[in-house]
Structures are given as structure tokens and as C-alpha cells.
Amino acid sequence: MSDQLPDAIPAATLIIFREAGDGPPELLMVERAKAMVFAGGAMVFPGGRIDPGDHVLAATMGGGDEEAARIAAVRETIEEAGLPIGLAELPSAAALIEMRAALHAGQTLAEALAASDARLDLEQLTPWARWRPAHANMRIFDTRFYLAELPQDAPRASVDQTENVRLVWSTARQVLADADAGKLAIIYPTRRNLERLAQFDSFDEAVAHARATPIKTITPFAEQRDGEDHLCIPDDAGYPVTSEAIGNAMRG
């Protein structure tokens, strides 16, 4: 039997690191268009649904759901940010533009890769987390999160101007500070993941932590703490902050 909730939509998200001199690494985030049903107006990591074509490509590689999720994360990052993460070799600028246009036109990643003679390297993605909320009357995503490092000589990221309206590179701590100051909005899973990511001063540190922390599917739950209703997550999943007052939590 599948461990997915009946209404859960399989999805994948990529947390991309960019080294930033002597300080902590910057992360790529995109701002969702306000009209979007899910997380409208919020800053999120690039990602989206796992499509049937992702499963077909995974099967040709001898893989299953895990590989399909990584493929979706690669595809969505090309579509949303124009970044070739998870490819064996960096395509030329022209080939990447063609690949992105093909994906926006509805081609599968397999078709876009074949046209550009490009190959996947899914080992560039490190599993980080899996979140599957269970809110009533809301769209539910079963999302796998991955870490990846921006390749050297990668092109400049650019927003797709469809689902997302802008993108930024910023440290986890700065995004949290900006959210607390009311300069941007982040949903509950994004906040918890930023708090976890803010502990590390390099991509390698985050990867080491991810590999040492077993991934558990996280379904937030309500619990009263200190006389106030909180939205909570388990204490043993690697997160430094495991609850937030429900009244303060943006849930997507």
C-alpha cells in the first residue's frame, strides 16, 4: 500500500546553494505569483509537481519514485529559473534556452534532453527532507526536498514570469529576517527548512547533516503548548525549531 495520503500530489523541490565569499552560502528562492492557488505571494524554493513524463524517464534509467522526484526537481528548476542543475555537463547558453523553451511548450524533459544531446546526473541532488501536510480543505503536496550546488560557470538565473514573478539569492538567515520584518512571506514548511539551513556555513556542511539525518515524512500536527495552539513537527527530523503558534503560521 502506498504511504501517500489519498489526496496528496507528488512534488519535488530543489534548494540550490551558491557560495558567497566568506559568509554563509546564498540560496535561490522564487516569489510565487499572488494569483497562484498554492503559496500565492510567498517566497519558495524552485519546484513543482512530478509529471507522468518524469516517471517514464525514471523507468528508462531503471529507477522509481525517488528518481522521478529528482528528475522533476531538475526539470522544474530549468523551467522556473533557467538553471541546468543535475546535468552531467553544462549545455551551451543557446542549448539551455532551447531546452527551457521546449519544457514551457509542453515537451517532457526526456525530449528536451535528447534535442540538446544532454544527460542527467541525478547524484548531484542530495535528499534533504520530505513534507506531506494534511490540512483540511487545502491542496496537499507530498514534497521531496533536495540540496544541490550551483555549478561553476552556470548561467545567471532568470524568472519565468508565469508561476513566479521574481527570484532572489539570499542567505537563509536573511530570508528569515526579511520575513520577520514583513518584507516577504514564507509558508510554514519553508520557514522550518530555512531555520534548519541557517545552521550551516557551507554546502558541504548541509550535505553532511542531510546524510547523517534519516528522512522521515513530516506531517505537521496541532498541539496546545503554553496555553496556545501550535503547529508542530516531530523533534527528531533534524529541525532546530519544531513548533509555531498557529495564528502566526502561513500554511500555503
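Just above sits the structure.
Just so it is clear, the model here is predicted, and its values are computed rather than measured. Within every chain, residues take consecutive numbers counted from 1 along the sequence as written. A pLDDT threshold of at least 70 governs which residues receive local features in this predicted model, and a stricter bar of 80 or more applies before side-chain atom pairs are shown or counted, although totals over entire chains, interfaces and linings include all residues. Hydrogens are left out, water is left out, and the side-chain values use all remaining heavy atoms of the structure.

## Some points on the nonpolar core
As used here, the term nonpolar core means buried Ala, Val, Leu, Ile, Met, Phe, Trp, Tyr and Cys residues forming a set that is joined through side-chain atoms within 4.5 Å. Throughout this description, buried means an accessible area under 20% of the type-specific maximum (1.4 Å probe, protein chains only), exposed means over 50%, and partly exposed covers the range between. Counting residues in each nonpolar core, the largest one holds 35 residues, and the members touching the most others are Leu83, Leu109 and Leu120. For this core, the secondary structure elements donating two or more residues are β1 (9-18), α1 (52-60), α2 (65-81), α3 (93-104), α4 (109-116) and β6 (141-149). When residues of this core are assigned to their parent elements, the largest contribution, eight residues, is made by α2. We call two residues contacting when some pair of their heavy atoms lies within 4.5 Å. Those residues in contact with Leu120 that lie beyond four places of it in its chain are Leu57, Met61, Ile71, Val74, Gly86, Leu87, Ala88, Leu109 and Leu113. If you look at the next biggest cluster of nonpolar residues, it comprises 32 residues, including Val175, Leu176, Tyr188 and Phe200. Starting at the N terminus, helices and strands are each numbered in turn, a helix being any DSSP run of H or I of at least four residues and a strand any DSSP run of E of at least two.

## Things to note about the packing of aromatic side chains
We call Phe, Tyr and Trp rings a pair once their centres come within 6.5 Å, taking the six-membered ring for Trp, and we label the pair stacked below 30 degrees between planes, edge-to-face above 60, and tilted otherwise. Taken as a whole and assessed by the stated rule, the structure comprises four aromatic pairs. With centroids separated by 5.2 Å and ring planes inclined at 65°, the aromatic side chains of Phe17 and Phe203 adopt a geometry described as edge-to-face. Of this pair, Phe17 sits in strand β1 while Phe203 is found in helix α7 (residues 203-212), placing the two residues 186 residues apart along the sequence. In this structure, Phe17 and Phe203 share a single accessibility class: buried.

## Some points on the pattern of salt bridges
Only one rule defines a salt bridge in this text: a Lys or Arg side-chain nitrogen within 4 Å of an Asp or Glu carboxyl oxygen. Across all of its chains, the model carries 15 salt bridges by this definition. Note that Arg192 and Glu244 form a salt bridge whose closest N and O atoms lie 2.8 Å from each other. With Arg192 in helix α6 (residues 188-197) and Glu244 in strand β11 (residues 243-245), this pair connects stretches of sequence that are 52 residues apart. Each member of the pair, Arg192 as well as Glu244, is classed as buried.

## Brief notes about the side chain of Thr143
Within the fold, Thr143 resides in strand β6. Once you skip the residues sitting within four places of it in the chain, Thr143 turns out to touch Ala11, Ala12, Thr13, Ala129, Arg130 and Trp131.

## So, the pairing of β1
With respect to burial, β1 is a largely interior element, eight of its 10 residues being buried. Note that β1 and strand β2 (residues 26-32) share two bridges and pair antiparallel. Among the inter-strand pairings, Phe17 is bridged to a residue of β2, identified as Leu27. Between any two strands, pairing holds if DSSP finds at least two bridges.

## A closer look at the sheet that holds strand β9 (residues 221-225)
Across the sheet, which stays open at both edges, the three strands sit in the order β9-β10-β11 with antiparallel pairing between neighbours. The two strands at the open ends of the sheet, each matched to only one other strand, are β9 and β11. On average, adjacent strands in this sheet sit at an angle of 40° to one another, irrespective of strand direction. Sheet analysis places β9 next to strand β10 (residues 228-232), joined by five bridges and oriented antiparallel. Paired with Glu223 across the bridge in β10 is His230. Along the sheet, α6 contacts β10 and β11; its crossing angle with β11, the most-contacted strand, is approximately 130°. What counts as an axis is a line fitted to C-alpha atoms, over the stretch in contact for a helix, and the angles between N-to-C directions run from 0 to 180 degrees.

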